Amino acid sequence: MQLPQPAPGARVLAFGGYQPGNEVTNDDLAAAMDTSDEWIRSRVGIASRRIAGPDETVADMAVAAAGKAIAGSGVSVSDIDLVIVATCSTEAPIPNVSATVASRLGIIAPGAYDLNAACAGFCYGLANASDAVRAGSARHVLVIGSEKMSAWVDPADRSTRIIFADGAGAAVVGPVEDPAEKPGIGPVVWGSNGHLAEKIYIKDRTSFLFQEGQSVFRWATTELHPMALEACQRAGVRPEDLAAFVPHQANLRIIEALARKVGVPRERLADDIIHAGNTSSASIPLALARMTERGELHSGMPVLLLGFGAGMCYAAQVVTVP
Amino acid sequence: MALTEQEILTGLAEIIDEIAGVPADEVSPDKNFVDDLDIDSLSMVEIAVAAQDKFGVEIPDDQLKDLKTVQDVINYVHKNAS
């Protein structure tokens, strides 16, 4: 038996994001239920969000985001040999989203699997992609977070409807060719707290998403910053040297509290939630795509990612901006 | 030595000032968190976490909903302080 030649490291080659065209503002929600722009902004920090059309699927959004990431990466679809879609909001569990997405993008016969670590899914996918490239089981990996959370949110439930939204984000991961070059995806710090699983759940296929807001807030603001700091420490990057902290865009108050505890100043905290809402596994790559498009992040800069959500699952890693 | 109610009130007022920006002299035992101090459910969690650090008394989420006034928190901390 023999093994493939491992790559010295893996890096992100490009990000891509997609949001549906339908923008729903706080005033739109206030017209439909007992809430207000001021109330929503003060509770969760969201001004508007995008909601997918009735026929728009998790796969549709994944294809749109991935197409942009591939175009930006300079990699040909024929070079991609693994596709991972992180999602927790598919219309149905069979078939998986990733094989369909790969086919629609013209990627021929890649390894393809869906991954459910809820809002932490993209960071899990990125860790899997990095490991696959480093071990030699794939050369270029497409990692996508795509969610249609609106399909699982009760339109009459104010507490969840104001938060959750739809969208997709993607990254193309490839090898670091030169052994002298530093890896672009740092070691992952991941884990789960299954004893808290009842804090966020969908009971069955006919039910809506339930979230115990106070418990999730307490968990996220007290348990996760050590993981984020450990990811920095393992990557050899000091928090003060981070160009940005890009946590899952759960709730502005949660991520502002996390930034304070990690020691990242407010101006370096990604706040994409303000106009994207909480798009679960899509929120981190969506924020990264937007920040790189706007020129807020430049090639070579270290950014800290922290995904966290239902399960309760979490994952953190430092990534170098492509 | 057990904390007195006045000591708990003073400590709680400092926490509320820091988290919700309510001046300490406005925090009196009869005040209702939601109606009088405009403190929402997530700030209540932050106050509970800070109170645990300060007084060593854990206030679980399922107890939080019953603590409606400053006096309710004082009573809870006083009763549960080791």
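What you are looking at is a predicted structure, and each value in this text was computed from that prediction instead of being measured. Along each chain, the written sequence defines residue order, and numbers are assigned to residues from 1. Each chain gets a letter, beginning with A, and each ligand a number, beginning with 1, in the order they are written. Thresholds applied to this predicted model are a pLDDT of at least 70 for local features of residues and 80 or more for the giving and counting of side-chain atom pairs; totals over whole chains, interfaces and linings are not thresholded and use all residues.

## Side note on the domain arrangement of chain A
All names here are of chain A.
Part 1 of the argument: On domain assignment, one finds that chain A holds domain 1 (10–175) and domain 2 (189–320).
Part 2 of the argument: Each of domain 1 and domain 2 has a C-alpha centre, and these two points are 15 Å apart.
Part 3 of the argument: By the convention adopted here, residues make contact when the C-beta atoms placed from their backbones lie within 7 Å. At the junction of the two partners, domain 1 supplies 46 residues and domain 2 supplies 41 residues.
Part 4 of the argument: Residues belonging to the side of domain 1 that touches domain 2 are distributed by class as follows: 25 nonpolar, 14 polar and 7 charged. In this entry, domain limits derive from an automatic or database-based domain assignment. Three classes are used: nonpolar for Ala, Val, Leu, Ile, Met, Phe, Trp, Tyr, Cys and Pro, charged for Asp, Glu, Lys and Arg, and polar for all others, with Gly counted as polar.

## A word on the environment of A:Lys199
Residue and element names in this part refer to chain A.
Part 1 of the argument: Note on placement: Lys 199 falls in the loop between β8 (189–192) and β9 (200–202).
Part 2 of the argument: Exposed residues have 12 or fewer other C-beta atoms within 10 Å of their own C-beta, buried residues have 20 or more, and partly exposed residues fall in between, where C-beta atoms are placed from the backbone. Residue Lys 199 is classed as buried on the basis of its C-beta count, with 20 C-beta atoms lying within 10 Å.
Part 3 of the argument: For Lys 199, the contacting residues outside a window of four places in its chain are Glu 212, Ser 215, Val 216 and Met 312. Per the convention used, a helix needs a DSSP run of H or I reaching at least four residues, while a strand needs a run of E reaching at least two, with both numbered from the N terminus.

## Some thoughts on the sheet that holds strand β6 (residues 141–148) of chain A
Sheet strands associate in pairs through backbone hydrogen bonding, adopting either a parallel or an antiparallel arrangement.
All names here are of chain A.
Part 1 of the argument: Between any two strands, pairing holds if DSSP finds at least two bridges. An order of β1-β7-β6-β4-β5 is seen for the 5 strands of this open sheet, with the pairing classed as mixed. In this open sheet, the two edge strands, each paired with only one partner strand, are β1 (10–18) and β5 (111–115). Recorded for the sheet is a direction-independent mean angle of 15 degrees between the axes of neighbouring strands.
Part 2 of the argument: Whenever a helix is involved, its axis is fitted only over the stretch in contact; in every case the axis is a line through C-alpha atoms, and angles between N-to-C directions fall within 0 to 180 degrees. Against the sheet, helix α4 (residues 97–105) engages β4 (82–86), β5 and β6, with an angle of about 125 degrees to β4.
Part 3 of the argument: Across the sheet, helix α5 (residues 121–135) lies against β1, β4, β5, β6 and β7 (166–175), angled at about 165 degrees from β6, the strand it touches most.

## With respect to the interface of chain B and chain A
Part 1 of the argument: On the chain A side, the residues contacting the 7 residues of chain B number 8 residues.
Part 2 of the argument: No other element matches the 4 residues that helix α2 (residues 41–55) of chain B contributes to the side of chain B that touches chain A.
Part 3 of the argument: When the residues that make up the side of chain B that touches chain A are grouped by side-chain class, the tally is 4 nonpolar, 1 polar and 2 charged.

## Focus: the sheet that holds strand β12 (residues 302–309) of chain A
All names here are of chain A.
Part 1 of the argument: Taken in spatial order, the 4 strands make up an open sheet running β8-β13-β12-β11, and their pairing is mixed. Looking at the sheet topology across the chains shown, the edges are occupied by β8 and β11 (244–247). Going across the sheet, the axis of each strand differs from the next one's by a mean of 15 degrees, ignoring polarity.
Part 2 of the argument: Where β8 meets strand β13 (residues 313–320), 4 bridges bridge the pair, whose relative direction is antiparallel. Its bridge partner lying in β13, Gly 191 is registered against Tyr 314.
Part 3 of the argument: Its contacts with the sheet place α5 against β8, β12 and β13, and it is angled at close to 55 degrees to β13.

## Some remarks on the packing of helix α8 (residues 225–235) of chain A against helix α9 (residues 252–262) of chain A
The relative placement of two packed helices is expressed as an angle between their axes plus a distance between the axes.
Residue and element names in this part refer to chain A.
Part 1 of the argument: The N-to-C vectors of α8 and α9 enclose an angle of 50 degrees; their axes lie 9 Å apart at closest approach. Looking at the two axes, α8 sits oblique to α9. Handedness of the crossing formed by α8 with α9: right-handed. Of the residues in α9, those touching α8 at His 225, Ala 228 and Leu 229 are Leu 258, Lys 261 and Val 262. Oblique is the label for every angle not falling under 35 degrees (roughly parallel), over 145 degrees (roughly antiparallel), or within 65 to 115 degrees (roughly perpendicular). Handedness of a crossing is defined here by the sense of rotation of the near helix relative to the far one, left-handed for an anticlockwise turn of less than a right angle and right-handed for a clockwise turn.

## Here we look at the packing of helix α7 (residues 213–223) of chain A against α2(B)
Part 1 of the argument: In the contact formed by α7(A) and α2(B), the axes pass within 9 Å of each other and the chain directions differ by 50 degrees. In terms of orientation, α7(A) and α2(B) fall into the oblique class. Between α7(A) and α2(B) lies a crossing whose hand is right-handed. Seen from α7(A), the contacting residues are A:Gly213, A:Gln214, A:Phe217, A:Arg218 and A:Thr222; seen from α2(B), they are B:Ser41, B:Leu42, B:Val45 and B:Val49.
Part 2 of the argument: For the contact of α7(A) with α2(B), the class distribution of residues is 4 nonpolar, 4 polar and 1 charged.

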